[in-house]
Amino acid sequence: MANTPLHQQLSIMKQSFFDEGLLDHEQVSYLETLENEDDPDFIENLFTMFLRDSSRYIDSIEKALEATPVDYSVMERMLYQLKGSSASIGASKINGETNTLRKVFHDGDIESAKASLQKLKEEHANFKEKLVIYVRMLKEAKPSEY
Amino acid sequence: MATSNGSSTGTKITALVVDDDRVINAIHCKLLNKLGIENHVATNGKEAVDLHCSGKKFDLILMDRDMPIMNGIEATRELRAMGVRSIIVGVSTRSIKQEIQEFMDSGLDDYQEKPLTSSKVISILRKIDFVD
């Protein structure tokens, strides 16, 4: 990979994700091994997909938790979805907050679950803000086709 | 490492990824592809069953547990009742023994916790003698 200022910025940004515990180093390294010449945008597409889908899951979780009565089946399904996809891209903090919310929800404490959901939303917003910039930089760093 | 010859006839190993999460499907398809495995996707258990009803066959099925319309437990039971003898591996985030056992009892050959990795898939393929 070229060692341009942009690539250096990307390296620094990626390392900060690991240092802040936002992304799991091992899982991201593994995903990078899956990228190849036939699909050079695999990582960017994966991150973009995750941001869109996780936003949807969190919206569904919020609606389910606010419903009267609470929609347990939607909560269960969305929590497992978010747990699985966040683990798969190495989004450690989101995965952690999802597990916390699951535990609190399973304990039956709805008010604590709502508080836990707010924490999850904050983590998600923080992660999204940074990852959107990272994905944009990844795209810019790709060599031009022409 | 996996070979592209799944049998003595030299045909490629085929796999069906059954999951309603796009991120999981993208990762699992990519890792199967890298191992030389031809893969298809179903986004819920009913789609997986319908594929088999249409005559499709797969050497390996990676089955998620929690899906809309028809979940992994129901789909696995249905496929086994239809006489499907493929290797079905349950893939889920569930970690409670009872829940895993419930999924295994539906007819799975193996269970792996998400996220799948190449080494987990290779260990599955080794069990079914598809790789050295």
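None of these values were measured; they are calculated from a predicted model. Residues take numbers from 1 onward in each chain, read along the sequence in its written order. Labels follow written order: the first chain is A, the first ligand is 1, and so on. For this predicted model, a pLDDT threshold of at least 70 governs which residues receive local features, and a threshold of 80 or more governs which side-chain atom pairs are given and counted, while totals over whole chains, interfaces and linings are taken from all residues. Side-chain descriptors were evaluated using all non-hydrogen atoms of the structure, hydrogens and water having been removed beforehand.

J.: Got a sec to walk through helix α3 (residues 72–81) of chain B? Specific residues and values, please.
T.: Residue and element names in this part refer to chain B. Exposure categories follow from relative accessible area, calculated using a 1.4 Å probe and restricted to protein chains: below 20% of the type maximum is buried, above 50% is exposed, and the middle band is partly exposed. The secondary structure listing takes helices from DSSP runs of H or I that are at least 4 residues long and strands from runs of E that are at least 2 residues long, numbered from the N terminus. Every buried residue belonging to α3 is among G72, I73, A75, T76 and L79, and all of these are buried. All buried residues of α3 fall inside an arc of 165° around its axis, so they share one side. Residues count as neighbours in contact if any of their non-hydrogen atoms are within 4.5 Å of one another. Among the structural elements, α2 (45–53), β3 (60–64), β4 (87–92) and α4 (97–105) are those in contact with the buried residues of α3. For α3, the N-terminal cap is N71; the gap from its side-chain oxygen to the backbone nitrogen of I73 is 3.0 Å. Immediately beyond the C-terminal end of α3, within one or two residues, lies G83, with a positive phi of roughly 90°. To obtain the arc, one takes the directions from the helix axis to the C-beta atoms. Pairing of N or O atoms within 3.5 Å defines a polar contact, subject to two protein rules: one partner must be a possible hydrogen donor and the other a possible acceptor, and residues neighboring in sequence count only if both atoms are side-chain atoms.

J.: Can you break down the UniProt feature "coiled-coil region" (unreviewed entry) in chain A residue by residue, with the values?
T.: UniProt positions are given in the numbering used here, feature names are shortened, and annotations may be inferred rather than shown by experiment. According to UniProt, the "coiled-coil region" (unreviewed entry) feature falls on residues 110–137 of chain A. Counted over residues 110–137 of chain A, helix gives 100% and strand 0%. Its end C-alpha atoms are 40 Å apart.

J.: Give me the packing of helix α4 (residues 72–89) of chain A against helix α1 (residues 22–34) of chain B: which residues, what numbers.
T.: Geometry is summarised by axes, namely lines fitted to C-alpha atoms with helices restricted to the contacting stretch, and by angles between N-to-C directions that run from 0 to 180 degrees. Relative orientation of the contacting elements α4(A) and α1(B) amounts to 40°, with a least axis distance of 9 Å. Looking at the two axes, α4(A) sits oblique to α1(B). α4(A) and α1(B) meet at a crossing whose hand is left-handed. Where α4(A) approaches α1(B), its residues A:G84, A:S85, A:S88 and A:I89 are matched on the opposing element by B:V23, B:I24 and B:I27. Looking at the contact of α4(A) with α1(B) residue by residue, the classes come out as four nonpolar, three polar and no charged. Roughly parallel means an angle under 35 degrees; roughly antiparallel means over 145; roughly perpendicular covers 65 to 115; every other angle is labelled oblique. When the near helix sits turned anticlockwise from the far one by under a right angle, the crossing is termed left-handed; a clockwise turn instead gives a right-handed crossing. Residues are grouped as follows: nonpolar covers Ala, Val, Leu, Ile, Met, Phe, Trp, Tyr, Cys and Pro; charged covers Asp, Glu, Lys and Arg; every other residue, Gly included, is treated as polar.

J.: Tell me what's going on with the UniProt feature "modified residue: 4-aspartylphosphate" (unreviewed entry) in chain B, and back it up with residues and numbers.
T.: Those residues carrying the UniProt feature "modified residue: 4-aspartylphosphate" (unreviewed entry) are B:D64 in this numbering. Residues within four places of B:D64 in sequence aside, it is in contact with B:V18, B:D19, B:D20, B:G72, B:V91, B:S92, B:F103 and B:K114.

J.: A description of the UniProt feature "domain: HPt" (unreviewed entry) in chain A should follow, citing residues and the corresponding values.
T.: Feature annotation in UniProt places "domain: HPt" (unreviewed entry) on residues 39–134 of chain A, given in this structure's numbering. Here residues 39–134 of chain A is 86% helix and 0% strand, with 18 Å between the C-alpha atoms at its ends.

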